[in-house]
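Structural overview for review
Chain by chain, the residues:
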Amino acid sequence: MRTISYTRPSDVPGAIAAVTADPGSAYLAGGTTEIDLLRLDVLRPRHLVDVGRLPLTAIEDLDDGGMRIGAMCRMSDVAESPAVARKFPMLSQALLQGASPQLRHMASMGGNLMQRVRCSYYRDTESACNKRVPGSGCAALDGVNRGHAVLGTSEQCIATHPSDLAVALVALDAMVHVEGETGPRVIPADDFFLLPGDTPEREHPLAPGELITAIGLPAVPMARGSLYLKVRDRASYEFALASVAVALALQDGVIQEVRLALGGVATKPWRARRAEAVLTGQPPGADLFDRAAVEELEPAQPRPMNAFKVQLARRTMVRALHTAAEAGGFA
Ligand code: SF4
């Protein structure tokens with residue numbers, strides 16, 4: 001048995017100092033994934049710095065119509081916030097479809113963004129996994145990979161990014177506020193999640209000791225009509241096989257602007273910029289929606305067990321776009 005020491009600082013500077021001082025330490029927030037990984041011996045910190053009670057729990061409306069959400073807000077509090085549900089329904093829906101009620105009451109917003117992949121080989125210390133042990137190989141390439149990614153993959157890792165919340169944040173051009181030894185900085189959500197490339201063990205552009213303090217949501221008026229559509233093997237408490245976050249602005253019969261992001265099919269929350277380019281400026285319709293979906297999925301690299309995801313993602317995109325357009329879009 002390994003001994004892990006534990007502290008619970010009362011402020012952000014104290015937490016950052018504690019983790020920065022010891023490379024063998026790690027932050028602990030809601031613990032809904034991390035505790036499992038400690039028990040499985042996948043993560044092996046010698047010191048845990050509990051940030052779960054830091055005063056980072058405000059859900060604030062900003063003067064410009066945006067919002068700022070503290071990193072230690074519980075998923076359930078944000079999902080049930082009337083302001084979030086009114087301004088950013090895709091975010092509320094993604095959170096509500098993201099976990100069981102018990103997990104939503106425990107898990108924090110910041111912790112959700114830092115959650116590790118659900119690849120079963122990552123969690124099995126007997127299996128080769130470049131993300132857990134760099135250079136050891138990837139058992140999923142020729143293993144059971146039905147749930148794995150078809151976009152953004154590399155020969156080093158094909159694990160799907162597990163977060164629903166992150167898909168909505170990428171579609172909304174959210175900003176991740178972080179703070180470290182050198183002070184605060186802000187990272188666009190799309191840049192906060194790294195492709196695996198040759199370094200799948202590196203998932204975020206964070207310096208040692210940097211801590212997420214808040215999530216910034218810029219005003220996106222058309223997001224009032226947005227939605228999050230998630231397809232999965234069962235109706236609750238399950239990860240996405242394919243999901244779509246979409247917001248549309250229709251004006252004079254054409255799509256003036258569209259935000260589209262995919263979950264369940266890529267190694268990071270996937271902003272569908274190829275599809276957005278096809279859709280923008282065009283009158284909405286079944287042929288256009290399908291053309292956009294096909295264009296987005298053109299670079300997909302499926303494996304025999306997960307090839308179905310290409311068709312599933314295509315159909316999920318088309319259905320989400322139909323639903324958003326039928327609702328009238330919001331300019
Ligand atoms: Fe590890 Fe990624 Fe391969 Fe899964 S897909 S075994 S997480 S390297």
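We now turn to the structure provided with this report. (Residues numbered from 1 in each chain as written. Predicted model: local features only at pLDDT ≥ 70, side-chain atom pairs only at ≥ 80, totals over all residues. Heavy atoms only, no water.)

1. A short note on the packing of aromatic side chains
The following threshold applies: Two rings from Phe, Tyr or Trp (for Trp, the six-membered ring) form a pair when their centres sit within 6.5 Å of each other. Planes less than 30 degrees apart are called stacked, planes more than 60 degrees apart edge-to-face, and all others tilted. Relative accessibility thresholds used throughout: buried, under 20% of the residue-type maximum; exposed, over 50%; partly exposed, between the two (1.4 Å probe, protein chains only).
Within this structure, the stated rule accounts for 1 aromatic pair. Plain terms: the ring middles of Phe192 and Phe193 are 5.2 Å apart, the flat faces sit at 85° to each other, and that makes the pair edge-to-face. Taking the relative accessible area as the measure of exposure, Phe192 reaches 0% and is therefore buried. The class of Phe193 is buried, set by a relative accessible area of 3%.

2. Quick word on the sheet that holds strand β1 (residues 5–7)
Stated precisely, the cut-off is as follows: Pairing between two strands is assigned when DSSP locates at least 2 bridges connecting them. Labels follow the DSSP assignment, with helices taken as runs of H or I lasting at least four residues and strands as runs of E lasting at least two, numbered in each case from the N terminus. Angles shown run from 0 to 180 degrees and are taken between the N-to-C directions of axes, each axis being a line fitted to C-alpha atoms and, for helices, limited to the stretch in contact. The criterion used for residue contact is that any of the two residues' heavy atoms lie within 4.5 Å.
Spatial strand order, β1-β3-β2: 3 strands in an open sheet with parallel pairing. Only two strands of the sheet have a single neighbouring strand rather than two, namely β1 and β2 (25–28). Sheet twist, expressed as the mean angle between neighbouring strand axes with direction ignored, is 25°. Of the strand pairs in this sheet, β1 and strand β3 (residues 47–50) are connected by 3 bridges, and their pairing is parallel. Bridging from a neighbouring strand, Thr7 pairs with Val49 of β3. Here helix α1 (residues 12–21) sits on the sheet and contacts β2 and β3; the angle it forms with β2, its principal contact strand, is near 145°.

3. Topic: helix α11 (residues 286–297)
Which entries qualify depends on this criterion: To estimate how far a helix should extend, the number of its residues minus one is multiplied by 1.5 Å. Arc definition: directions from the helix axis to the C-beta atoms.
Its 12 residues give α11 an end-to-end C-alpha distance of 17 Å, which sits within 8% of 16 Å, the value for a rise of 1.5 Å per residue. For α11, the set of buried residues is Leu288, Phe289, Ala292, Ala293, Glu296 and Leu297. All buried residues of α11 project into a common sector of 160° when viewed along the axis, lining one side. Among the exposed residues of α11, those pointing more than 90 degrees away from its buried face are Asp287 and Arg291. Buried residues in α11 make contact with β11 (254–263), β12 (270–271), α10 (273–279) and α12 (308–326).

4. Remarks on the nonpolar core
Put simply, the rule is: Only buried residues count toward a nonpolar core. Its members are Ala, Val, Leu, Ile, Met, Phe, Trp, Tyr and Cys residues joined through side-chain atoms within 4.5 Å.
Counting 56 residues, the largest nonpolar core has Leu91, Leu113, Leu169, Phe192 and Leu217 as its most contacted members. In terms of residues, this core owes the most to one element, helix α8 (residues 165–171), which gives 7 residues. Excluding anything up to four places from it in sequence, Leu91 contacts Ile69, Val84, Leu165, Ala168, Leu169, Leu172 and Leu217. Counting residues in each nonpolar core, the second largest holds 31 residues, with Val150, Leu227, Ala266 and Ala324 among its members.

5. Focus: the sheet that holds strand β8 (residues 211–217)
An order of β4-β5-β8-β6-β7 is seen for the 5 strands of this open sheet, with the pairing classed as antiparallel. Strand pairing shows two members of the sheet lacking a second neighbour, β4 (59–61) and β7 (183–188), which therefore form its edges. Each strand of the sheet is rotated relative to its neighbour by a mean of 20°, with strand direction disregarded. Pairing of strand β5 (residues 67–70) with β8 involves 4 bridges; the strand directions are antiparallel. Note that in β8 the partner of Met67 across the bridge is Leu217.

6. Regarding the pattern of salt bridges
Defined as follows: Whenever a carboxyl oxygen of Asp or Glu lies within 4 Å of a side-chain nitrogen of Lys or Arg, that contact is scored as a salt bridge.
Inspection of every chain in the model, using the stated rule, returns 20 salt bridges. Notably, a salt bridge pairs Arg46 with Asp22, separated by 2.7 Å at the nearest N-O pair. In this pair, Arg46 sits in the loop between α2 (34–39) and β3 while Asp22 sits in the loop between α1 and β2, placing the two residues 24 residues apart along the sequence. Since its relative accessible area comes to 17%, Asp22 is described here as buried.

7. Brief notes about the layout of surface pockets
What counts is decided by this rule: Grid points spaced at 1 Å over the protein atoms alone were grouped into cavities, where a 1.4 Å probe fits but cannot get out, and pockets, open sets with protein on both sides within 12 Å along at least five of seven lines, with lining residues defined by an atom within 4 Å of a point. Grid points are joined across faces, edges and corners, and a volume is the space filled by probe spheres set on the points. Under the grouping applied here, Gly and all other residues not named as nonpolar or charged are polar, the nonpolar ones being Ala, Val, Leu, Ile, Met, Phe, Trp, Tyr, Cys and Pro and the charged ones Asp, Glu, Lys and Arg.
Here the second largest pocket defines a volume of roughly 420 Å³. Each residue belonging to the lining of the second largest pocket can be placed in one class, and the counts come to 10 nonpolar, 10 polar and 5 charged.

8. Details of the side chain of Glu296
Operational definition: The convention is simple: Lys and Arg are positive, Asp and Glu are negative, and His and the chain ends are not counted. Definition of a polar contact: a pair of N or O atoms within 3.5 Å, with one able to donate and the other able to accept a hydrogen when the atoms are protein atoms, and with sequence-neighbouring residues admitted only if both atoms are side-chain atoms.
Positionally, Glu296 belongs in helix α11. No salt bridge forms around the buried Glu296; measuring N to O, its nearest opposite-charge neighbour Arg274 is 5.3 Å away. A distance of 2.8 Å separates a polar side-chain atom of Glu296 from the backbone nitrogen of Ala275. Excluding its chain neighbours within four sequence positions, the residues that come into contact with Glu296 are Leu151, Leu262, Trp270, Arg271, Ala272, Arg273, Arg274, Ala275 and Met317.

9. Some points on the environment of Ile158
As for its placement among the helices and strands, Ile158 is situated in the loop between α7 (109–114) and α8. Overall, the relative accessible area of 2% leaves Ile158 in the buried class. Separated by 107 residues in the primary sequence, Ile158 and Val265 have C-alpha atoms spaced 9.8 Å apart.

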